[in-house]
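Okay, here's what each chain looks like letter by letter:
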Amino acid sequence: MAHQIYKHDNIMVTGKPAWHRLGIVVEDAPTPEAALQLSGLDWTVDPSPLYAMHEHSPSGEVTRIVCEDQVANVRSDTREVLGVVGKGYQAVQNSELAELCWAAADEGAIPRIESAGSLKNGRITFMCARMEDMLIGGKDLLVPYMSLINGNDGTRSLSQVGHTLRTVCANTADYAIFEGQKKGLINTMRHTKNIKDNIKTVRQMFEQTKEQMVEFKQAADRLYSRKLNSKELESFFIDVYTKHIDRIPSPSLTTTKEDDRKRNKALNIVSKWLRNFESKTCNNDGCGGSAWAALNAITEWSDHQRTVRTTRSSANKEQARQFANLFGSSKNFKKQAAASALQLV
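A. The arrangement of the overall build of the protein chain in detail. The secondary structure content of the protein chain amounts to ten helices and twelve strands. For the protein chain, the C-alpha atoms occupy an extent of roughly 90 × 60 × 35 Å along the three principal directions. For the protein chain, with 345 residues in total, the buried portion stands at 45%. Counted over contacts in the protein chain with a minimum sequence separation of 6, partners at least 24 positions apart contribute 60%. Side-chain charges of the protein chain comprise 45 positive and 40 negative groups, with the mean position of each set lying 8 Å from the other.

B. Looking closely at helix α8 (residues 291–305). Over its 15 residues, α8 extends 20 Å from the first C-alpha to the last, a length consistent with the 21 Å expected when each residue adds 1.5 Å. The element α8 is extensively covered by neighbouring structure, given that eleven of its 15 residues are classed as buried. The set of residues buried in α8 consists of Ala291, Trp292, Ala293, Ala294, Leu295, Ala297, Ile298, Thr299, Trp301, Ser302 and Asp303.

C. Looking closely at the packing of aromatic side chains. According to the stated counting rule, one finds seven aromatic pairs in the structure shown. Consider the rings of Phe236 and Phe237, whose centres lie 5.8 Å apart with planes at 40°: the pair is tilted. The burial state of Phe236 is the same as that of Phe237; both residues are buried. Taken together, a centroid distance of 5.7 Å and an interplanar angle of 75° make the contact between Trp273 and Trp301 edge-to-face. Of the two residues, Trp273 sits in helix α7 (residues 257–278) while Trp301 sits in helix α8, which places them 28 residues apart along the sequence. Judged by its relative accessible area of 4%, Trp301 falls in the buried class. Every member of this aromatic cluster is reached through a ring pair, and the members are Phe236, Phe237, Tyr241, Trp273, Trp301 and Phe333. The residue whose ring lies beneath Arg64 is Tyr51, and the NZ or CZ to ring-centre distance is 4.1 Å. Here the basic side chain of Arg306 rests over the ring of Phe333, its NZ or CZ set 5.1 Å away from the ring centre.

D. Representation of the side chain of Gln160. With respect to the element layout, Gln160 can be found in strand β11 (residues 158–163). The class of Gln160 is buried, set by a relative accessible area of 0%. Other than its neighbours up to four places away in sequence, Gln160 contacts Met146, Ser147, Leu148, Leu185, Ile186, Asn187, Met189, Thr201, Val202, Met205 and Phe206.

E. The arrangement of the nonpolar core in detail. One finds Phe237, Trp273 and Ile298 to be the most contacted residues of the largest nonpolar core, which totals 31 residues. Of all the secondary-structure elements, those providing two or more residues to this core are β8 (134–136), α5 (202–225), α6 (230–244), α7, α8 and α10 (329–342). Broken down by element, the residue count for this core peaks at eight residues, all from α8. Beyond its immediate stretch of four places on either side in the chain, Phe237 contacts Val270, Trp273, Leu274, Phe277, Ala294, Ala297 and Ile298. By size, the runner-up hydrophobic cluster in this structure holds 30 residues, among which are Val26, Tyr89, Ala98 and Leu148.

F. Spotlight on the side chain of His191. Among the secondary structure elements, His191 is positioned in the loop between β12 (186–189) and α4 (195–198). Using a relative accessible area of 8% as the deciding quantity, one classes His191 as buried. There is a polar contact of 2.8 Å between the side chain of His191 and the side chain of Asn150. A polar contact is formed between the side chain of His191 and the backbone oxygen of Gly151, at a distance of 3.3 Å.

G. Spatial organisation of the sheet that holds strand β3 (residues 45–55). One open sheet accounts for three strands, arranged β3-β4-β5; its pairing is antiparallel. Unpaired on one side and paired on the other, β3 and β5 (81–86) mark the two borders of the sheet. The mean inter-strand angle of the sheet, taken between neighbouring strand axes irrespective of direction, is 50°. Pairing between strand β4 (residues 62–75) and β5: five bridges, direction antiparallel. Bridge pairing in β5 links Val71 to Val85.

H. Quick look at the packing of α5 against α8. For the pair α5 and α8, the least separation of the axes is 5 Å and the interaxial angle reads 105°. Classed by the angle they form, the pair α5 and α8 counts as roughly perpendicular. Listed contacts from α8 to Ala220, Leu223 and Tyr224 of α5 are Ala291, Trp292 and Leu295. Here the contact of α5 with α8 is composed, by residue class, of six nonpolar, no polar and no charged.

I. Geometry of the environment of Ala170. Examined against the element boundaries, Ala170 turns out to sit in helix α3 (residues 170–183). Take Ala170: its relative accessible area is 6%, and that puts it in the buried class. In this structure, the C-alpha to C-alpha distance between Ala170 and Asp42, residues 128 residues apart in sequence, is 20 Å.

J. View of the sheet that holds strand β10 (residues 145–151). Read across the sheet, seven strands follow the order β2-β1-β6-β7-β10-β11-β12 without closing on themselves; strand pairing throughout is mixed. In this open sheet, the two strands that pair with only one neighbour each are β2 (24–26) and β12. Sheet twist, expressed as the average angle between the axes of neighbouring strands with direction ignored, equals 15°. In this fold α3 packs onto β6 (113–119), β10, β11 and β12, with an angle of close to 75° to the strand it touches most, β11. Those strands touched by α5 are β10, β11 and β12, and its axis lies near 20° from that of β11.

Criteria and thresholds
- Residues numbered from 1 in each chain as written.
- Predicted model: local features only at pLDDT ≥ 70, side-chain atom pairs only at ≥ 80, totals over all residues.
- Heavy atoms only, no water.
- Helix = DSSP H or I, 4+ residues; strand = E, 2+ residues; numbered from the N terminus.
- Buried < 20%, exposed > 50% of the residue type's maximum accessible area, 1.4 Å probe, protein only.
- Contact = heavy atoms within 4.5 Å.
- Lys, Arg positive; Asp, Glu negative; His and termini not counted.
- Charge placed at Lys NZ, Arg CZ, Asp CG, Glu CD.
- Expected span 1.5 Å × (residues − 1).
- Phe/Tyr/Trp six-rings, centres within 6.5 Å; stacked < 30°, edge-to-face > 60°.
- Lys NZ or Arg CZ within 6 Å of the ring centre and 35° of its normal.
- Core = buried A, V, L, I, M, F, W, Y, C linked by side-chain atoms within 4.5 Å.
- Polar contact = N/O pair within 3.5 Å; in protein donor to acceptor, adjacent residues only side chain to side chain.
- Pairing = 2+ DSSP bridges.
- Axes fitted to C-alpha atoms, helices over the stretch in contact; angles between N-to-C directions.
- Parallel < 35°, antiparallel > 145°, perpendicular 65-115°, else oblique.
- Nonpolar A, V, L, I, M, F, W, Y, C, P; charged D, E, K, R; others polar.

If you want it as structure tokens, here you go:
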């Protein structure tokens, strides 16, 4: 299962259901403490002694041997072993994730949790808080998030990340970390005895995330206010296509079937961009005719209309499309298109 939500996992999401349709949906974002209960995170990680059973030959006698340098992280409610870790491993409890959400919030503010839950039967836990909404051009909504993603099996640190896609599964948790790394909005804390001291940096990272989101909003506002005439729009679309998809062969007497194929492909894709640009989706709230609308026309195609290929690891087209949007060709292409759009302002 791509989402890695197993038998003993629970998910809570606010507002609309997650793409996998699992978990419970609440209308209003809860506090961190309420989110713990709603998402089934009201359990603890209990470091427990680890033993090896050694059978002597030829007598068959079995001796129990204490593994002094390692312990087993046991989930308190299911008694499942989440992982074997070193004796110096410092577990971070789910209740501490809730406390960290309070630590990151502005003074006097009540943090609201957009999503929370566990993955891989509790080996990974997360809590995703919604930050202050931003309006692009005063009308188009941008929703930034801050997630705390914790590993309980010894393979993953505690990560605090700023990102723009709600955390609801393993893929979106990995994407949040990937986005945080790319933007420099990640605070990684290893499970050592010093982790409690490192946690003090949570508030600092929260402020840094807000600052970078403001910078993004300012860039988007410039795109929103930049109106394009028909010649500029055509030039922008052709520039994005030739730089980031493929060349467009010029018509000639010596044209080949491959050249014809490339031209027809380019005409088909750019025509879709133009239709998207003129659609209600890209012309709502007064952004029609802008560089922001042109960029949205391209991302609409990349997210929902682009041809995707299925592989053994993606059982159907929707799964393949989601993977491309989060990690693959679509994600990279949209980043390149945004860079080209910013050259217009």
